[in-house]
Amino acid sequence: MDKIQQLADYIDRSGSIVATTGAGISVGGGGVTYGQMRTARRGGGRWGSGAGSFLPTFLETMFSYQPSFAHYALADLEAEGKLAGIITTNVDCMHTIAGSKNVAEIQGSLQVNCCAKCGRHYDGYEIWKQDELPRCDACGGEILPWPLYSHIGLWDADVRKAREWIAQADLILVIGTRGNYGDVYWNYRRRDAAIVQINPGHTGFDSVADLNIRQGSDDVFQRLKKIRNTTDGM
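Just so we're clear, the structure is a prediction, and the values are computed from it rather than from any experiment.

Chemist: So what's going on with the overall build of the protein? Which residues, and what values?
Modeler: Along the backbone of the protein there are ten helices and eight strands. When burial is assessed residue by residue, the protein has 53% of its 234 residues classed as buried. Considering only residue pairs separated by 6 or more positions, the protein has 59% of its internal contacts joining residues 24 or more positions apart. Accessible surface, the protein: about 10,600 Å² in total, of which carbon and sulfur atoms supply 46%.

If you want it as structure tokens, here you go:
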């Protein structure tokens, strides 16, 4: 049987789906990886020592592209009532921009921001849509996104959501990610849950996945949409 038809069958049979995503879902549309962000952090630049050249190398890239087809497809699955939540290590907010409501950004994102001087929070990614480093209204200090001021630490509130969702899911979609972050959330999964991996390369999920689809996520979800639309119309 065609693997994407198998994926469609898994989705149709499932009562609760969780997707876990990494850079692979965004890079195809122009997204930026953590490695590139670290380089920006070290590089220095017009934003000074605190944020380095974060704006020109990460933010300008981030806001110059849109969510991928796969981002929108996951939002549609959520709206359909099939997808319980998305667990992601991405910080680019593209799942939110695509319309997904239940997103656990386990390493934070540009939606979680804090003044490096006084600790005041400024949440929401819109604060980064400007040409200058945002400053705190209270003390004038640099505002930094969570991945920078936490040194890419865990965002505990979203980790708790990730554990709850994956403990209930009977289908896990692994999309464009290489690591399972075992004790963070993966080890909390249902042991009878089916696992489908969508990734053109080999990863540590290969041996545990019930189905490995070696294609990019946009191609897979475009074909999946056609298959499911044809089935619904029968």
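Chemist: Could you give an account of the pattern of salt bridges, with specific residues and numbers?
Modeler: Applying the stated criterion across every chain, the model contains six salt bridges. Its salt-bridge partner being Asp2, residue Arg223 comes within 3.2 Å of it at the nearest N-O pair. Separated by 221 residues along the polypeptide, Arg223 in helix H10 (residues 217–232) and Asp2 in the segment before helix H1 (3–13) bring together distant segments of the chain. On the basis of relative accessibility, which here comes to 35%, the residue Arg223 falls in the partly exposed class. With its nearest N and O atoms 3.3 Å apart, the salt bridge here joins Asp158 to Lys161. Here Asp158 pairs with Lys161, and both are found in helix H9 (residues 156–168), just three residues apart, close to one helical turn. According to the relative accessible area criterion, Lys161 is partly exposed, its value standing at 30%. Look at the salt bridges and you will find they share partners, linking Asp12, Glu80 and Arg228 into a network.

Chemist: Go over the sheet that holds strand S1 (residues 17–21), please, and point to the residues and values.
Modeler: With respect to topology, six strands assemble into an open sheet ordered S3-S2-S1-S6-S7-S8, the strand pairing being parallel. Two strands bound the open sheet, and with one partner strand each, they are strand S3 (103–105) and strand S8 (211–213). Within the sheet, the average angular offset between the axes of one strand and its neighbour, ignoring direction, is 15 degrees. Bridging between strand S6 (residues 171–175) and strand S7 (residues 194–198) involves five bridges; their strand directions are parallel. Across the sheet, residue Ile172 finds its bridge partner in S7, namely Ile195. With respect to the sheet, helix H6 (residues 69–80) is in contact with S1, strand S2 (83–88) and S6, its orientation differing from that of S2 by roughly 145 degrees. Contacting S6, S7 and S8, H10 runs over the sheet at an angle of about 120 degrees to S7.

Chemist: So what's going on with H6? Which residues, and what values?
Modeler: In this model H6 runs 16 Å from its N-terminal to its C-terminal C-alpha over twelve residues, within 8% of the 16 Å that 1.5 Å per residue would give. Along H6, the residues classified as buried are Ala70, His71, Ala73, Leu74, Ala75, Leu77 and Glu78. Gly81 sits one or two residues past H6 and shows a positive phi near 90 degrees.

Chemist: How would you explain the side chain of Ser150 if you had to name every residue and give the values?
Modeler: If you trace the backbone, Ser150 turns up in the loop between helix H8 (146–149) and H9. Here the side chain of Ser150 touches Trp146 through a polar contact of 2.6 Å, landing on its backbone oxygen. There is a polar contact of 2.9 Å between the side chain of Ser150 and the backbone nitrogen of Gly153.

Chemist: Outline unusual backbone geometry, listing residues and values.
Modeler: Located in the positive-phi region is Cys93, a residue other than glycine, with phi close to 65 degrees. Examined against the element boundaries, Cys93 turns out to sit in the loop between S2 and helix H7 (94–98). Here Cys93 falls in the buried class, since its relative accessible area comes to 2%. Even without a glycine there, the phi angle at Tyr181 is positive, about 50 degrees. With respect to the helices, strands and loops of the structure, Tyr181 is situated in the loop between S6 and S7. Overall, the relative accessible area of 32% leaves Tyr181 in the partly exposed class.

Thresholds, definitions, all that
- Residues numbered from 1 in each chain as written.
- Predicted model: local features only at pLDDT ≥ 70, side-chain atom pairs only at ≥ 80, totals over all residues.
- Heavy atoms only, no water.
- Helix = DSSP H or I, 4+ residues; strand = E, 2+ residues; numbered from the N terminus.
- Buried < 20%, exposed > 50% of the residue type's maximum accessible area, 1.4 Å probe, protein only.
- Contact = heavy atoms within 4.5 Å.
- Areas by Shrake-Rupley, 256 points an atom, 1.4 Å probe, with all protein chains shown as cover.
- Salt bridge = Lys/Arg side-chain N within 4 Å of Asp/Glu carboxyl O.
- Pairing = 2+ DSSP bridges.
- Axes fitted to C-alpha atoms, helices over the stretch in contact; angles between N-to-C directions.
- Expected span 1.5 Å × (residues − 1).
- Polar contact = N/O pair within 3.5 Å; in protein donor to acceptor, adjacent residues only side chain to side chain.

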